[in-house]
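Residues per chain are reported as follows:
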Amino acid sequence: MTVTERHALEALRGPALNDSVNGPMDDGYESDGYGAMVLDGTEPLDVSHAGGEFQELTSELLGDFWKSTSQEVRTKRPDYRSFQDRSAKRTAAFSVQLEAMTEAYMAWSLNQRGASRRGFFDSDERRTQEEHQRCDGVDTKLLSILVLDVFCAKKTSITVVPTDRYLTSALVRHGLIPCSPITPKVAVTVHALELYHNTHQCCPQLSIQAYVKSLCDMHRVPFHNHRSRQFSIVLDVYLQILALVSNLVRQALQRDQPDWRLKHCCPACTYKLQDEPAMRFKMLFAQDGNDSLKRVATRVLDGNLDDTGPQAATLPTSDYTLHHEQYLIMTHEFVETFASDRQTGHSIVDEDRDGNLCAEHWKNMKDSVTQKMWSVFDETGAFIVVCRHGFCLLIADMVQSGEQSKYALAVTSKLLDAFGSDLGGGYDIRCRFKTTLASSTLGEQARSLNYTSLVNAFHSHAHNRLCQLDNLTTYVEGLGLEDLEGCERAFSKSNSLAPSTRYASIFHRRQAIACYFEHNDEMEVYANLTKFLLNNYKQALDLLSNGRATLERLMCELGVSDPETFKLWLDEEHVYLNSLLREPVEETLQMDIGNGLSI
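As the structure is a computational prediction, the values presented were derived from the model and not from experiment.

1. With respect to the overall build of the chain
A tally of regular secondary structure across the chain gives 26 helices and 9 strands. Within the span of the chain, comprising 599 residues, buried residues form 43% of the whole. The long-range share in the chain, meaning contacts at least 24 apart out of those at least 6 apart in sequence, stands at 69%. By element, 55% of the accessible surface of the chain is carried by carbon and sulfur atoms, the whole surface being about 34100 Å².

Now the structure itself:
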């Protein structure tokens, strides 16, 4: 079809085009049908090196619509707000509404008691009908919102009654958590959040992005990055509501004292039976540092830290009800009170080595090894304390430093104040820490309360033999079957948190660590406490019944008649090894004479 034939066909379709047919024709570029002819291949589009032909073609095809949209794009106001600004404003708006949202959540939880979990859309339809009947004649409103559930996502209408203080509390009353505090358009069901929260505690490698992607796949919708961001905001609000509910429960039970959880976390350690016989160690615990939970220090374009503002540690929720206060109760300021001039900038293993034969054996957290990573990582790990049954007692962040003595001194101070006398603390470098503790401000308190520094069973075999004679758990009376290796078992599980906390914010890292240990204490350690005690009891009975016969047989083979001989052997070995700390004078003289003769 030629150009003339095409214009004739267009003239038949619309009389308005007659003038263009009868009028003079140029090269066809400015004619009304040129854009369509380029699209169907009738006319070629000449592309120059300067460019701009496609924009002109689009403008010719769209006409006035192109002019209006291009003008809007040019006059759009730039957004100079930073991510931190938006987060701070959202946090402030949510903080005002959290109290009402918490009350709505407790009301929703009460209605869910005993009800079968049929999903949000199945149960909410019946609830909406009941509310319409109950609120007949009352001014109610319907809020249209996109709801994300586990197996379904669609828009629905939520009833807002006059008693609802905010739109957010109205949504929470229906079991929905919004992602915006002012004009919510998207909300996630509590069941979907609960599923992720519990699954993440059992498998910390599961990220928010992976969970949201799996939901998108089940819903047969494409995944976008903003969906993960929305879910992250909703999850923070949900966890903050749970923290507020937990605070209300503790207040009602009069368990809101600062150290109540620390003093009652382990029933076997902290509860004393009537007429219980006194033991040498009233409580045994293990303490150690781990560098797996370090966090990369984020920086902005000007080179300053992006999370050093006053809101950094509390985003995205308010700072008076942090979910991790129960575990991370030792602030950085409190830890720094134990950093003396001699200790600042030096780890325990770098401090005065005089008299410490094991100083060179511990190289993992020496400052000479860790100082290179301080410019990359802000928090370089976590220092934790667990009781002999596995309950987490305290957690302290190691901030831009190695495993310094100030962290061990800080947790020891907390435990002495909380539990008093006759404590036994296991530490892999006990031989060095004992000297540090005695020379610190806690030395007098530790001596008066009969505090005993111990070495873990596994780590003690790496110590010098002379150190083992004093500290090896096999030779310490009162330890029984305890190996004091609870920290290593805790770290073997908590190391899976590392991928999700390495690039997290200060708040989200602390939140993840605290939520993990809280879940582990409640669902793992406490649930297995009975089995743990039963197995230890069976093992102790077996040793008492069979151990005596075994000991008598071994004594006959060795020709030993009195068990006190074993203690005598240890004392003799101790004296012999002490004599080897310096070379004998005879051997020194022989070496000097030999060197003189060779010259």
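Still more ground to cover, so stick around.
2. What to know about the packing of aromatic side chains
Summed over the entire model, instances satisfying the criterion amount to 12 aromatic pairs. On the basis of an interplanar angle of 90° and a centroid distance of 5.6 Å, the ring pair of Tyr196 and Phe231 is categorised as edge-to-face. Remark: Phe231 occurs in helix H11 (residues 225–252) and Tyr196 occurs in helix H9 (residues 190–202); sequence separation between them is 35 residues. Side by side, Tyr196 and Phe231 carry an identical accessibility label, which is buried. Seen from their ring centres, Phe383 and Tyr407 are 6.5 Å apart, and the 25° between their planes marks the pair as stacked. Residue Phe383 is located in strand S6 (residues 379–387), and its partner Tyr407 is located in helix H16 (residues 405–419); the two are separated by 24 residues in the primary sequence. Overall, Phe383 belongs to the buried group, its relative accessible area being 0%. Owing to a relative accessible area of 0%, Tyr407 belongs among the buried residues under this scheme. One aromatic cluster is present, built from ring pairs that chain together Phe383, Tyr407, Tyr427 and Phe433. The aromatic ring of Phe377 is capped on one face by Lys294, whose charged end is 5.5 Å from the ring centroid.

Procedures and definitions
- Residues numbered from 1 in each chain as written.
- Predicted model: local features only at pLDDT ≥ 70, side-chain atom pairs only at ≥ 80, totals over all residues.
- Heavy atoms only, no water.
- Helix = DSSP H or I, 4+ residues; strand = E, 2+ residues; numbered from the N terminus.
- Buried < 20%, exposed > 50% of the residue type's maximum accessible area, 1.4 Å probe, protein only.
- Contact = heavy atoms within 4.5 Å.
- Areas by Shrake-Rupley, 256 points an atom, 1.4 Å probe, with all protein chains shown as cover.
- Phe/Tyr/Trp six-rings, centres within 6.5 Å; stacked < 30°, edge-to-face > 60°.
- Lys NZ or Arg CZ within 6 Å of the ring centre and 35° of its normal.

Honestly, it's all geometry; don't read function into it.
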